[in-house]
Amino acid sequence: MSGWGILLCLTAGCGYQFTVEGPGPVIGGSADHVAQGPPVRLVLPVLKNNSFEPNLEFKYTRYLRQAFQSVGTAEFVDDASAEFVMEGAILSVGLSSLAFTRTQTQESRVMVKVLLKVKDRKTKKVRWSQIGTGTAEFFVNATSTSDAERGLQFNRVLQDRAIEQAGQQVAADLADQFLGAREQGVFDSNRKATIPDPESGGGESPEISAPYGDLITPGAQLP
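Residues numbered from 1 in each chain as written. Predicted model: local features only at pLDDT ≥ 70, side-chain atom pairs only at ≥ 80, totals over all residues. Heavy atoms only, no water.

Naming follows an unreviewed UniProt entry, where the protein chain appears as LPS assembly lipoprotein LptE of Candidatus Nitrospira neomarina.

A separate point is the overall build of the protein chain. Across its full length, the protein chain holds three helices and six strands. When the helices and strands of the protein chain are placed in sequence order, the string is α-β-β-α-β-β-β-β-α. In the protein chain, buried positions account for 39% of the 223 residues. Expressed as a percentage of contacts within the protein chain between residues at least 6 apart in sequence, the contacts between residues at least 24 apart total 73%. Accessible surface, the protein chain: about 13300 Å² in total, of which carbon and sulfur atoms supply 53%. (Helix = DSSP H or I, 4+ residues; strand = E, 2+ residues; numbered from the N terminus. Buried < 20%, exposed > 50% of the residue type's maximum accessible area, 1.4 Å probe, protein only. Contact = heavy atoms within 4.5 Å. Areas by Shrake-Rupley, 256 points an atom, 1.4 Å probe, with all protein chains shown as cover.)

This part is about the nonpolar core. Phe68 and Phe178 are the most contacted members of the largest nonpolar core, which has 38 residues in total. It is helix α3 (residues 148–183) that provides the largest number of residues to this core, a total of nine residues. With residues near it in sequence (within four places) discarded, Phe68 still touches Thr73, Ala74, Phe76, Met86, Leu116, Ala171, Leu174, Ala175 and Phe178. (Core = buried A, V, L, I, M, F, W, Y, C linked by side-chain atoms within 4.5 Å.)

Along the polypeptide, Leu179 turns up in helix α3. For Leu179, a relative accessible area of 0% translates into the label buried.

A word on the pattern of salt bridges. Taken as a whole and judged by the stated rule, the model has eight salt bridges. Of the charged contacts in the structure, one is a salt bridge between Asp160 and Arg156, with a shortest N-O distance of 2.9 Å. With a gap of four residues between them, Asp160 and Arg156 both fall in helix α3, about one helical turn apart. Judged by its relative accessible area of 18%, Arg156 is buried. (Salt bridge = Lys/Arg side-chain N within 4 Å of Asp/Glu carboxyl O.)

In total, this model carries six aromatic pairs according to the counting rule given. Here Phe68 and Phe178 contribute two aromatic rings whose centre-to-centre distance is 5.1 Å and whose plane-to-plane angle is 55 degrees, an arrangement assigned as tilted. Of the two residues, Phe68 is situated in helix α2 (residues 56–70) and Phe178 in helix α3; the sequence distance between them amounts to 110 residues. Look at Phe68 and you get buried, because its relative accessible area is 0%. Taking the relative accessible area as the measure of exposure, Phe178 reaches 0% and is therefore buried. Among the aromatic residues, ring-to-ring pairing joins Phe68, Phe76, Phe84, Trp128, Phe178 and Phe187 into one connected group. (Phe/Tyr/Trp six-rings, centres within 6.5 Å; stacked < 30°, edge-to-face > 60°.)

This is the structure we're talking about:
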């Protein structure tokens, strides 16, 4: 088609329409990457919270349930029919500055770490263990001296939202990794070998109940 023809088509429309369809981008992997076959039946107690963020364990446990069920990898039950027990802990919630002036932080990043373990309910052996990391950034609202309290409250809302986004990201990432392990037969009934814990070289894994230091101190507020 000549240049004039293209110009006429663009001007007249030529019957073409541009539309946006589909679910859009999915954090942690493709929405088409779903499990094949029956899901792994699991018991999932509320996560341990080793951070200084209160009640975060309830939100993150919900994010994990939603992420695992969305890809069809797991079915969470509360009875003896479960083959495995999934235990987990929020290891840390960290805050770092990305952009700042001499007097104030302008942009911050939240980074969270979550540990998950899956144990065989009968043998108590660890079948799968992984540490997931999630991050989220947010801009810090400038505050004046006269309105400092309101500014701190607003910045805290932004920080809380970033912590939630980081938790959703880490849940989706862990769900994808769990799916990969499932496809490799890690949870097959005839498999007896256990999986080395992450960052342990096959030795003891990070203790779920042990506290991990955060970069955010109790009751701390952003400047």
